[in-house]
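Descriptive analysis of the structure
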Amino acid sequence: MNALSSRRARAVFVAMAAGSLALTGCSSGGGTGKDKSQTDKNAAAQAKAVPLGNAAQSTGPAAPVAGAQPGGTITVYQRDSYNHLDPAQMYVSDMGDLSKLIFRGLTTFKQDDEGNKTVVGDLATDAGQMSDGGKTWTYKLKDGIKFEDGKPITSKDIRHTFERQYAKFITEGPTYVQQWLSGDGTAYRKALPDGPYKGDHLPKSVLDTPDDKTVVFHFQKPQTQLPYALTMAGYSVVPDSDKDTKENYDVKPVCAGPYKIADFKSGKSMQLVKNTNWDPKTDPMRHQYVDGFSITFNHQASDSTKRLMADQGVDKTAISFTNVVEPTLTKQVLDTPGASKRLVQGYQPYVWQMNMNMDRIKDKKIRDAITYAMPNSQIVRINGGSYGGEVAGGLLAPTVAGYKKGYDPYGKLTKPNGDPEKAKELLKQAGKVGMKLVYAYSNTEIRQKEAVVIADALGKAGFNVQKKEVDAASWYQQMGKVDNGFDIYMTGWGQDWPDASTVIPPSYDGRQIQDGAANYSHVRDQHISDEIDRIKKITDIQQQTAEWEKLHQYIVEKVNPAAPVFYTKLLQMYGSKIGGARYNTDVNYLDPTTLFIKK
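Reading the values: the criteria
- Every chain begins its residue count from 1, and numbering advances along the sequence as written.
- Local features are withheld for residues below a pLDDT of 70 in this predicted model, meaning they are given only at 70 or higher, and side-chain atom pairs are given and counted only at 80 or more; totals for whole chains, interfaces and linings count all residues.
- Side-chain metrics in this entry use all non-hydrogen atoms of the structure; hydrogen atoms and water are not considered.
- In this description a helix means any DSSP run of H or I spanning at least four residues, a strand means any run of E spanning at least two, and both kinds are numbered starting from the N terminus.
- A radius of gyration in this sense is built from C-alpha atoms; the matching globule rule multiplies 2.2 Å by the number of residues raised to 0.38.
- Under the scheme applied here, a residue whose accessible area is under 20% of the maximum for its type counts as buried, over 50% as exposed, and between as partly exposed, the area being computed with a 1.4 Å probe on protein chains only.
- Reported accessibility uses the Shrake-Rupley method at a 1.4 Å probe radius. Residues are deemed covered only where the shown protein chains occlude them.
- Charged residues are defined narrowly, with Lys and Arg counted positive, Asp and Glu counted negative, and His plus the chain ends left uncounted.
- Here the site of a charge means atom NZ of a Lys, CZ of an Arg, CG of an Asp or CD of a Glu.
- The directions considered for the arc are those from the helix axis to the C-beta atoms.
- The criterion used for residue contact is that any of the two residues' heavy atoms lie within 4.5 Å.
- Polar contact criterion, stated in full: a pair of N or O atoms within 3.5 Å, where within protein one must be able to donate a hydrogen and the other to accept it, and residues adjacent in sequence count only if both atoms are side-chain atoms.
- Only the contacting stretch of a helix is used when fitting its axis, a line to C-alpha atoms as for every element, and angles between N-to-C directions run 0 to 180 degrees.
- What sets the label is the angle itself: under 35 degrees gives roughly parallel, over 145 gives roughly antiparallel, 65 to 115 gives roughly perpendicular, and the rest give oblique.
- Two helices cross in a left-handed way if the nearer one is turned anticlockwise from the farther one by less than a right angle. They cross in a right-handed way if the turn is clockwise.
- Note on pairing: two strands pair once DSSP finds at least 2 bridges between them.
- Here, a salt bridge means any Lys or Arg side-chain nitrogen found within 4 Å of an Asp or Glu carboxyl oxygen.
- Classification of ring pairs rests on two measures: the distance between centres of Phe, Tyr or Trp rings, Trp counted by its six-membered ring, which must be within 6.5 Å, and the angle between planes, read as stacked under 30 degrees, edge-to-face over 60 and tilted in between.
- For a ring to carry a charge above it, either NZ of a lysine or CZ of an arginine must fall within 6 Å of the ring centroid while also lying within 35 degrees of the normal to the ring plane.
- In the scheme used here, Gly and all other residues not listed as nonpolar or charged are polar, with Ala, Val, Leu, Ile, Met, Phe, Trp, Tyr, Cys and Pro taken as nonpolar and Asp, Glu, Lys and Arg as charged.

Counting its regular elements, the protein chain contains 16 helices and 23 strands. Computed over its C-alpha atoms, the radius of gyration of the protein chain comes to 23 Å, within 12% of the 25 Å expected for a compact globule of 599 residues. For the protein chain, the spread of C-alpha atoms along the principal axes amounts to about 65 × 55 × 40 Å. Burial analysis of the protein chain (599 residues in total) assigns 65% to the buried set. Surface summary for the protein chain: the accessible area is close to 21,200 Å², and the carbon and sulfur share equals 50%. Where the 75 positive side-chain charges of the protein chain centre and where its 67 negative ones centre are 3 Å apart.

Have a look at this one:
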């Protein structure tokens, strides 16, 4: 969410992490320094299945936050500007965080103060009614749901939301529902190549809207995880009107959440104000305590950390959606009583990994050499030590069902600084000593520090490393190009929900390869594709989980498309007058929906 990420985990994404975005979580504030016990416990909790809520659990208003008071504006310090505002293009974690305030979809995750989640109806009256063994899902829309301009949200808008995702200009959002409806990989686009913009629609046998309040999804195969997929930012509602300006919608979207965009200066600032057409009685999860959010960009983690530590003036009512505590300042923050009480921390679902472009690095011995050479522990140290993450042995995070603790085929846990001699020998066997590696990294403080130690380690292993710096705001857009021109580059991918089906297929299925997709290493392996198809048909969840783990081991050991680097953790700070701060196990950062300003 992805890659780091929620898109990309990005999940995710896309996305996905400490030093960059990724495409889930822990305490509700009050850092104590005992991060390992807290985060390890929470990682296991996140790996459990999330229940589906009923109609009663889907009604609003959301449960009040203790001590909440109305009024005031929260200042937000962000590193990167938003590369997309069209929800269908949202998969990276910072955009997912923003989406919780301004967009709504059919379902959403509702979290209690203990971090327990339930999937409930958001625009829909419940999490969905399944029939025909999971091949048919029916959603009824709530009364009183509107866009920011006052237009009621109807089933036509929901149909339009999904049909526009087939259009060619939508390249970076999730593809689960489209593929379930119309074909795996990129085949779904053939069903509606121009989206709904020339008057064409998906047949009623695929997506039906029998009346203004009803939406029916028809799948050829059972899709029991639809309610989870519908929680994603990428499936937020877009109006079926002339306000959907196709590519230009990325600049001026229509909001349905408690806040709307009053002003956006790309690369500089964004102002969110109250959406007066949002009705709290329809919303089971969000609040509208503050009058708005004043967001400014270009704040590195060192800058935001120092501002929030100082806690003077406007910084008392300040946060960051995704900036973390600058790793070099972690000890100072923990040792400062006033600052250490203003922290949220959590175990994120992201695996930070060094992707190896298999279109350019075809020999597995070379990929193995890169993996052995990677200085994992040095990278973890740069990212905040035990508060920023822990060395990874595989490509499934501890928050994913089926994670095997101690799995370490490349000896990263026993030799966390890398094994340069093993790497040298493999490179010699491949006849590639002195091979040029074009290494891309983003222009952030942490990624720049990482680049120094990574280039040095790869150099000692016998590679000729050519470093290429890339703008962080467009990082996943650049790395997501099939012909990106790079050999190696790091991304973070996290589960879209606690199931390996949201990690392995989007990241390692060769049928997924297209510009904007999450198969960053360009894996094309028939066994992987065949196994994905086989495993998806398994109805027993425990058996399916075990089979995903077997396939994961094949990917890591037999293909090795990406060197595991570290599992990410989070430490964030907020101002002393911020109330309602807690970790959100959906966005994997501080929860933007529960905040208020203390008087």
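A word on helix 15 (residues 526-536). When we look at burial in helix 15, the residues that qualify are Ile 528, Ser 529, Glu 531, Ile 532 and Ile 535. Here the buried residues of helix 15 occupy an arc of 165° about the axis, which is enough to place them on one side. Against the buried residues of helix 15 lie helix 14 (504-508) and helix 16 (541-559). You can read the cap of helix 15 off the contacts: a side-chain oxygen lies 3.0 Å from the backbone nitrogen of His 527, and it is on Asp 525.

In the contact formed by helix 9 (residues 364-373) and helix 11 (residues 420-429), the axes pass within 8 Å of each other and the chain directions differ by 165°. If you check the angle between helix 9 and helix 11, you find them roughly antiparallel. As for how helix 9 packs across helix 11, the hand of that crossing is left-handed. Counting all contacts with helix 9, which are made through Lys 365, Ile 366, Asp 368, Ala 369, Tyr 372 and Ala 373, the residues of helix 11 involved are Lys 422, Ala 423, Leu 426, Leu 427 and Gln 429.

The mixed open sheet is built from five strands, whose spatial order is 10-11-12-3-13. Of all the strands in the sheet, just strand 10 (259-265) and strand 13 (318-319) have a single pairing partner and so form its edges. The pairing of strand 3 (residues 73-77) with strand 13 spans two bridges and is classified as parallel. Residue pairing for strand 13: Thr 75 is matched across the bridge by Ala 318.

Relative to the elements of secondary structure, Asp 315 occurs in the loop between helix 6 (301-310) and strand 13. For the buried Asp 315, no salt bridge exists, and the shortest N-O distance to an oppositely charged side chain is 4.6 Å, to Arg 307. Those residues in contact with Asp 315, other than ones at most four positions away along the chain, are Tyr 77, Arg 307, Leu 308 and Gly 575.

Before going further, it helps to examine the sheet that holds strand 17 (residues 464-470). Pairing within the open sheet is mixed, and its six strands lie in the order 15-19-14-18-16-17. Each having just a single partner strand, strand 15 (389-391) and strand 17 make up the two edges of the open sheet. Direction aside, the axes of adjacent strands within the sheet are offset by 30° on average. As judged from the three bridges shared by strand 15 and strand 19 (residues 562-573), these two strands associate in the antiparallel manner. Residue pairing in the sheet places Val 391 in a bridge with Phe 566 of strand 19. This element, helix 9, spans strand 14 (343-356), strand 16 (436-442), strand 18 (488-494) and strand 19 of the sheet and lies at about 145° to strand 14.

A few words now on the packing of aromatic side chains. Aromatic ring pairs are defined here through the distance separating the ring centres and the angle between the ring planes. Summed over all chains, the structure comprises 21 aromatic pairs. The interplanar angle of 80° and the centroid separation of 5.6 Å between the aromatic rings of Tyr 166 and Tyr 188 together place this pair among those described as edge-to-face. Separated by 22 residues along the polypeptide, Tyr 166 in the loop between helix 3 (155-163) and helix 4 (176-182) and Tyr 188 in the loop between helix 4 and strand 8 (207-211) bring together distant segments of the chain. No difference in accessibility class separates Tyr 166 from Tyr 188, as the two residues are buried. A centroid spacing of 6.0 Å and a plane angle of 50° characterise the contact between Phe 293 and Phe 321, whose relative ring orientation is tilted. Of this pair, Phe 293 sits in strand 12 (residues 292-296) while Phe 321 sits in the loop between strand 13 and helix 7 (330-335); the two residues are 28 residues apart in sequence, bridging distant segments of the chain. Comparing Phe 293 with Phe 321 shows no difference in burial state: the two are buried. These aromatic residues form a ring-pair network of at least three members: Tyr 139, Phe 162, Tyr 176, Trp 180, Phe 217, Phe 219, Tyr 228, Tyr 235 and Trp 497. Seen from the ring of Tyr 197, Lys 246 lies directly overhead, with NZ or CZ sitting 5.2 Å from the centre. Over the aromatic face of Tyr 77 sits the side chain of Arg 307, whose NZ or CZ is 4.9 Å from the ring centroid.

In this section: helix 11. Residues of helix 11 that are buried include every one of Ala 423, Leu 426 and Leu 427, and no others. Along the axis of helix 11, the buried residues cluster in a sector spanning 100°; they form a single face. In this structure, helix 11 carries Glu 421 and Lys 428 as exposed residues pointing more than 90 degrees from its buried face. Buried residues belonging to helix 11 abut helix 9. At the exit of helix 11 stands Gly 431, carrying a positive phi of roughly 70°.

Turning to the packing of helix 15 against helix 16, a few remarks are in order. Two elements in contact, helix 15 and helix 16, have axes whose closest approach is 10 Å; the angle formed by their N-to-C orientations is 175°. Our classification of the angle between helix 15 and helix 16 gives roughly antiparallel. Contacts between helix 15 and helix 16 pair His 527, Ile 528, Glu 531, Ile 532, Arg 534, Ile 535 and Lys 536 from the former with Gln 544, Glu 547, Trp 548, Leu 551, Tyr 554, Ile 555 and Val 559 from the latter. Of the residues belonging to the contact of helix 15 with helix 16, the class tally is eight nonpolar, two polar and four charged.

Don't take any of this as a statement about function, it's just geometry.
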